[in-house]
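Structural features, examined
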Amino acid sequence: MRLLLNGITHSYGPTEVLRDVSFTVEDAEIVCIIGPSGCGKSTLLRFLGGLEKPDGGAVLMSGNAPEGSLNPLTYVFQDFALLPWRTVEGNISLVLEDHGISGGAARAVIDGVLARTKLSDFRKAWPRQLSGGMKQRVAIARALAVRPAVMLMDEPLSALDSQTRELLMDDFLDLWQRERFSSVYVTHNLSEAVRLGHRIVVLSRRPGQVREIIEIDMPLEDRPHRTAELEPIRQKLWDMLRDEARAADRELTDAP
Amino acid sequence: MPRDTGRLSAPAPQDARPVPFRGGGFRHRPHPWLPPIVFAALLALWATGSASGIISPVALPAPADVYAAFRDLVVTGMLWTHLSVSLYRLGVGWALGAALGVAAGLTIGLFSLVRAGLLPLVSALFPVPKIALLPLFIIWFGIGEGSKIATIVFGTFFPTVISTYSGVDGVDRNLIRMGQSFGLTWSSIVRKIILPGAMPAILSGFRISISIAIVLLVAAEMIGAQYGIGAYILMAGSLFALGQLIAGVIILSVIGLGASWLIGRAERKLLDWRG
Ligand SMILES: Nc1ncnc2c1ncn2[C@@H]1O[C@H](COP(=O)(O)OP(=O)(O)OP(=O)(O)O)[C@@H](O)[C@H]1O
Ligand SMILES: [Mg+2]
């Protein structure tokens, strides 16, 4: 399934947050979004999944979701958003219940996604008993349970330490190799962006505009051992972000 | 070579001393043996005070008088009579008030129209002492059970409304957004996300409303009731039968303890996820 963003513009009260943002997300493509803090990345992601409506422009989808997809546009949140009053298993069955999947059918789905996210031993655990990395794996398992066409991820790894981040990135790529979902992946971490993104959308400081879209033409599975070739791209992204941050800083000090 | 960082690699300098400990405190440890000791000590103090004449029987009856009043109640079977009517009024009144209060609190929490319409009314009526309305309730619901139960319903309704809607307000917006993002129906979001999220606040509201209910029960039973703990206490008071009066008060506090024990059990069962 493809997503097309067409001239997205939005203001919260007097604050213009996004201005004329357009790009597309192709089938089975991972698009990373980077940009300075407060430039409207989370806001943009809310528009993509239909949780909020932009003032101007539209988000369109085209093509069909894969067979059996229960929730084509599915989020993975930065703060995990697990219900503390449900166990791991209960948190996953939550998103199945409304589709009439319960009992044996639900158990089969839950077994499957827990195995794929290496959580089979934690079925009955409460969220408070899990580490941050495990919580995010539960959130990913929950997302997989509804067989998404597009995964919308808002800094899914930024609450985690760097080792856990590495491991989860590998797991995420394994999942992507198998399921071939599309994904829009917001991050602050440039290494994540060059490791995961087929394309990287760089937003400017607020109001967020597309400053540049960088295509990385290297298969995802090759990237871990060809890091040297990725380094110039990372450096370029870094320079762009630093310019934006500097400009934003100057605007602040120049303000009366 | 790996070093054992748990040991000093060099001899400690002369002035080496442990860092001062400044943590600790501000945490409650269980002392299960203390309440019975405090209780027994107070009882002993009371008994010796009464026996030696330091505590005049006019000021406070001797424990023996209170015990005699209890025995009377049990022997004549009046304990059960008073207790059953009181527990019935309390149970029905509190259950109705709490159920209506949770329902109203949920609608106030969920619908902004209801909130705008009802919240000012709730805020206006909450501070009114419900016992002041008892004469009105007697006209509306009769001198019998109706007016007494209505007083308790009214008194427990408002605090329950307030604790419920603030519980709903306190539910993490991100969890609700998560529910929406997975396409959960409105009723699923309310039942599976909002209600459990508001449950801690609702249950602590119950703790408050049950003690309000007991206060109102006694007050209502002091007006036009033949049986009930309140009527028993009123009668004892007007006869200056202080032993009976204290016995009645003790029964009330046991009822209160029992209620809070029940709510504690409900909390442990419903909020087991908090660990
Ligand atoms: N619901 C809202 N109401 C009003 N203003 C909002 C709202 N949500 C976001 N904003 C404002 O919009 C701007 C963009 O916010 P957003 O969360 O999208 O930024 P972001 O790019 O995700 O930032 P970060 O990288 O720090 O997560 C901010 O200035 C924020 O204050
Ligand atoms: Mg954000």
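Residues numbered from 1 in each chain as written. Chains lettered and ligands numbered in written order. Predicted model: local features only at pLDDT ≥ 70, side-chain atom pairs only at ≥ 80, totals over all residues. Heavy atoms only, no water.

**What about the domain arrangement of chain A?**
Residue and element names in this part refer to chain A. Here chain A is partitioned into domain 1 (2-65 + 150-254) and domain 2 (84-148). Taken residue by residue, the interface counts 11 residues in domain 1 and 10 residues in domain 2. With both chains or domains summed, domain 1 and domain 2 bury close to 1000 Å², and 69% of this area falls on carbon and sulfur atoms. Of all residues in domain 1, the largest losses of buried area upon contact with domain 2 belong to Met151, Leu168 and Leu175, amounting jointly to 39% of the total for that side. At the boundary of domain 1 and domain 2, one finds 2 salt bridges. Salt-bridge contacts for Lys118 lead to Asp171; the nearest nitrogen and oxygen are separated by 2.8 Å. (Domains from an automatic or database assignment. Contact = heavy atoms within 4.5 Å. Buried area = accessible area lost by both parts, 1.4 Å probe. Salt bridge = Lys/Arg side-chain N within 4 Å of Asp/Glu carboxyl O.)

**A few points about the sheet that holds strand E1 (residues 2-12) of chain A**
All names here are of chain A. Reading across from one edge, E2-E1-E4 is the order of the 3 strands in this open sheet, with antiparallel pairing throughout. Edge positions in the open sheet fall to strand E2 (15-25) and strand E4 (56-62), since each of these has one partner strand only. Strand-to-strand, the axes of this sheet are offset by a mean angle of 15 degrees, without reference to chain direction. Of the pairings in the sheet, the one linking E1 to E2 comprises 7 bridges and is antiparallel in character. The residue of E2 that forms the bridge with Ile8 is Val21. (Pairing = 2+ DSSP bridges. Helix = DSSP H or I, 4+ residues; strand = E, 2+ residues; numbered from the N terminus. Axes fitted to C-alpha atoms, helices over the stretch in contact; angles between N-to-C directions.)

**Some details on the interface of chain B and chain A**
Contacts between the two partners involve 19 residues from chain B and, on the opposite side, 25 residues from chain A. Across the chain B to chain A interface the summed buried area is about 1900 Å²; carbon plus sulfur atoms make up 65%. Of all residues in chain B, the largest losses of buried area upon contact with chain A belong to Phe182, Lys192 and Trp273 of chain B, amounting jointly to 38% of the total for that side. Applying the counting criterion to the chain B and chain A interface returns 3 salt bridges. For Arg177 of chain B, the salt bridge goes to Glu52 of chain A, with nearest N and O atoms at 3.6 Å. At the junction of chain B and chain A, the tally comes to 8 residue pairs in polar contact (both at pLDDT 80 or more). (Polar contact = N/O pair within 3.5 Å; in protein donor to acceptor, adjacent residues only side chain to side chain.)

**Looking at the pairing of strand E7 (residues 182-186) of chain A**
Residue and element names in this part refer to chain A. Of all 5 residues in E7, 5 are buried, a share of seventy percent or more. Neither face of E7 is open: one carries Ser182, Val184 and Val186, the other Ser183 and Tyr185, and all of them are buried. Where strand E3 (residues 30-34) lies against E7, 4 bridges are found, and the strand directions are parallel. Bridge pairing in E7 links Val31 to Val184. Since strand E6 (residues 150-154) and E7 lie parallel, the crossover through helix H5 (residues 162-179) that links them has a hand, and here it is right-handed. (Buried < 20%, exposed > 50% of the residue type's maximum accessible area, 1.4 Å probe, protein only. Right-handed = clockwise from strand over helix to strand, strands pointing away.)

**Some details on the packing of aromatic side chains**
Counted under the stated rule, the structure contains 12 aromatic pairs over all chains. Both rings, one in Trp85 of chain A and one in Trp273 of chain B, keep their centres 5.4 Å apart while their planes meet at 65 degrees; by these two values the pair is edge-to-face. Residue Trp85 of chain A is found in the loop between strand E5 (73-76) and helix H2 (88-97), and its partner Trp273 of chain B is found in the segment after helix H10 (242-270); the two belong to separate chains. The two residues Trp85 of chain A and Trp273 of chain B agree in class, both being buried. Through a chain of ring-to-ring contacts, three or more aromatic side chains come together here, namely Phe137, Trp140, Phe141, Phe154, Phe157 and Phe158 of chain B. The ring of Trp176 of chain A carries the charged tip of Arg180 of chain A above its face, separated from the ring centre by 4.2 Å. (Phe/Tyr/Trp six-rings, centres within 6.5 Å; stacked < 30°, edge-to-face > 60°. Lys NZ or Arg CZ within 6 Å of the ring centre and 35° of its normal.)

**Remarks on the confidence of the model for chain B**
In this model, chain B carries an average pLDDT of 91, and 97% of its residues clear a pLDDT of 70 or more. Scored by ipTM, the complex comes to 0.89, with pTM at 0.85. (pLDDT = per-residue confidence, 0-100.)

**With respect to unusual backbone geometry**
Residues and elements named next belong to chain A. Of note, the amide linkage connecting Arg206 to Pro207 takes the cis form, showing an omega dihedral of -5 degrees. Within the fold, Pro207 resides in the loop between strand E8 (199-203) and strand E9 (210-215). Despite not being glycine, Arg180 has its phi angle at roughly 55 degrees, a positive value. Position of Arg180 relative to the elements: it lies in the loop between H5 and E7.

**Here we look at the sheet that holds E7 of chain A**
All names here are of chain A. One open sheet holds the 6 strands; their spatial order is E5-E6-E7-E3-E8-E9, and the pairing between them is mixed. Sheet topology places E5 and E9 at the edges, where each strand pairs with a single neighbour. Across the sheet, the mean angle from the axis of one strand to that of its neighbour is 15 degrees, orientation sign disregarded. Relative to the sheet, helix H4 (residues 132-145) contacts E5 and E6, its axis offset from that of E5 by approximately 175 degrees.

**Examining the packing of helix H2 (residues 63-76) of chain B against helix H3 (residues 78-110) of chain B**
All names here are of chain B. It is the contact of H2 with H3, at a shortest axis distance of 5 Å, that shows an interaxial angle of 85 degrees. Relative to H3, the element H2 is oriented roughly perpendicular. Between H2 and H3, the contacting residues are Leu73, Val74 and Thr76 on the first element and Met78, Leu79 and His82 on the second. (Parallel < 35°, antiparallel > 145°, perpendicular 65-115°, else oblique.)

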